[in-house]
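Take a look at the letters that make up each chain.
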Protein chains: 2
Amino acid sequence: MRSLGHQIVADFYHCDGSTLSDVDYVTDAMLEAARRANCTIVTQTFHHFSPYGVSGAVIVAESHLAIHTWPEYGYAAVDIFTCGDIIQPEEALNYLKEAFGAGQVSTMEMKRGQVDMMGVPAHELRVKPVLCA
Amino acid sequence: MRSLGHQIVADFYHCDGSTLSDVDYVTDAMLEAARRANCTIVTQTFHHFSPYGVSGAVIVAESHLAIHTWPEYGYAAVDIFTCGDIIQPEEALNYLKEAFGAGQVSTMEMKRGQVDMMGVPAHELRVKPVLCA
C-alpha cells in the first residue's frame, strides 16, 4: 500500500521532568531531531506554559515534528510526520528518547495518504521532499 | 483508561485543490477550526511550498492542530490533538471537511498519555487547559 506520508506517534513516559519544562531545551532537541532525521527545517514555533509544560512544532520540508510535555508527570507526546525515502524518522525518535531520558516509550506507526485513494497513477506520483525541492 | 490527550488523525481525499494550495486560506481555516473546537490559540506557523502544498501548525493551549496539503492530488493530512473536557475536536474536523470540500475522509482517534503509566493518582491529575489557565 503506497502512501505519501509516514507518522510515528510516540508517548514518552518517566522522562526527566527538568528537560521537559525547559522551552529552550525542548526547542533545541526538536530541531536536532529534525536534523538527525535528514529533514530540512522550514519554520518552528514553541511555547512555554505557566506553570508547566512546553508545546511546539517544527515544520520541515518533509512535514512536521510536534511535542507536548507534562513535566510534572514525566510525560511527553511526540509526533514525527515525514515524507520521502531519504528521511529517517527513527533517528529522530531515538535521539529524543535520549534527550528527554524517557524510561518507557510507546510508539505507533501509521501510513498517511493512501495513493490508491487519490486516483493518481503510481508512476506519476511525487512525494516530498522532491515536491518541495 | 484515562488519558491526558485525544488525537484525531484524518486523511482528507478528493478535496478542492484550489483551497489546499492557498496558504492564507489554509491558515484561516485552521485557525477557525481551532476556535470551533473551543481551543485557545497560542501561536501558529504556516508555509507555502513551491510549486505546491501548504504545511502548518496551530499551537493551542490544549495542544495542536497540524495540516499538510498535496493540492495536486486533492489530499490533506490533518491532525487534531487536544486535551481537556470542554474541547470539541469533532467540530474542528467537521469544519475542515467543509472548508476543503473533502469528498472522502478517513479518520482514526487515539488516546495519548495513559495516566496509569505515570504513577500519578487520578485525583491529583490535572489536564490542560486547566493546567494552562
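The structure under discussion appears in the preceding block.
Residues numbered from 1 in each chain as written. Chains lettered and ligands numbered in written order. Predicted model: local features only at pLDDT ≥ 70, side-chain atom pairs only at ≥ 80, totals over all residues. Heavy atoms only, no water.

## With respect to the interface of chain B and chain A
Note the following rule: Contacts are residue-level and defined by heavy atoms, with any inter-residue pair within 4.5 Å sufficient. Each of two parts loses accessible area, computed with a 1.4 Å probe, when they are put together; buried area is these two losses added. We define a salt bridge as a side-chain nitrogen of Lys or Arg found within 4 Å of a carboxyl oxygen belonging to Asp or Glu. Strands are runs of DSSP state E lasting at least two residues, helices are runs of H or I lasting at least four, and both sets are numbered from the N terminus onward.
In this assembly, 53 residues from chain B lie in contact with 53 residues from chain A. With both chains or domains summed, chain B and chain A bury close to 4300 Å², and 63% of this area falls on carbon and sulfur atoms. Three residues stand out in chain B for area buried against chain A, namely Trp70, Tyr73 and Met117 of chain B, and they jointly supply 16% of the buried area on that side. Here chain B and chain A share four salt bridges between them. The salt bridge involving Asp79 of chain B is made with Arg112 of chain A; its shortest N-O contact spans 2.8 Å. For the side of chain B that touches chain A, the secondary structure elements donating two or more residues are β1 (3–13), β2 (41–48), β3 (54–60), β4 (63–70), β5 (75–83) and β6 (104–114) of chain B.

## Considering the relation of the copies chain B and chain A
What counts is decided by this rule: When the copies are superposed, the least-squares fit draws on C-alpha atoms of residues that have pLDDT of at least 70 in both.
Overlaying chain B with chain A gives an RMSD of 0.0 Å, the required rotation being 180° about an axis along which the chain moves by 0.0 Å. The relationship between the two copies is best expressed as a two-fold rotation axis. The overlap is high: 100% of the interface residues of chain B also sit at the interface in chain A, so the same surface is used on both sides.

## Description of the sheet that holds strand β1 (residues 3–13) of chain A
All names here are of chain A. Let me state the cut-off plainly: Paired strands, in this sense, are two strands between which DSSP finds at least two bridges. To get an axis, a line is fitted to the C-alpha atoms, and for a helix only the part in contact is used. The angle between two axes follows their N-to-C directions and goes from 0 to 180 degrees.
The strand order across the open sheet built from six strands is β2-β3-β4-β5-β1-β6, with neighbouring strands paired in antiparallel fashion. At either margin of the open sheet sits one strand with a lone partner, and together these are β2 (41–48) and β6 (104–114). The mean inter-strand angle of the sheet, taken between neighbouring strand axes irrespective of direction, is 10°. With seven bridges joining them, β2 and strand β3 (residues 54–60) adopt antiparallel strand pairing. Within β3, the residue paired with Thr45 across the bridge is Ala57. Against the sheet, helix α2 (residues 23–36) engages β2, β3 and β4 (63–70), with an angle of about 155° to β2. Here helix α3 (residues 89–99) sits on the sheet in contact with β1, β4, β5 (75–83) and β6, set at roughly 10° to β1.

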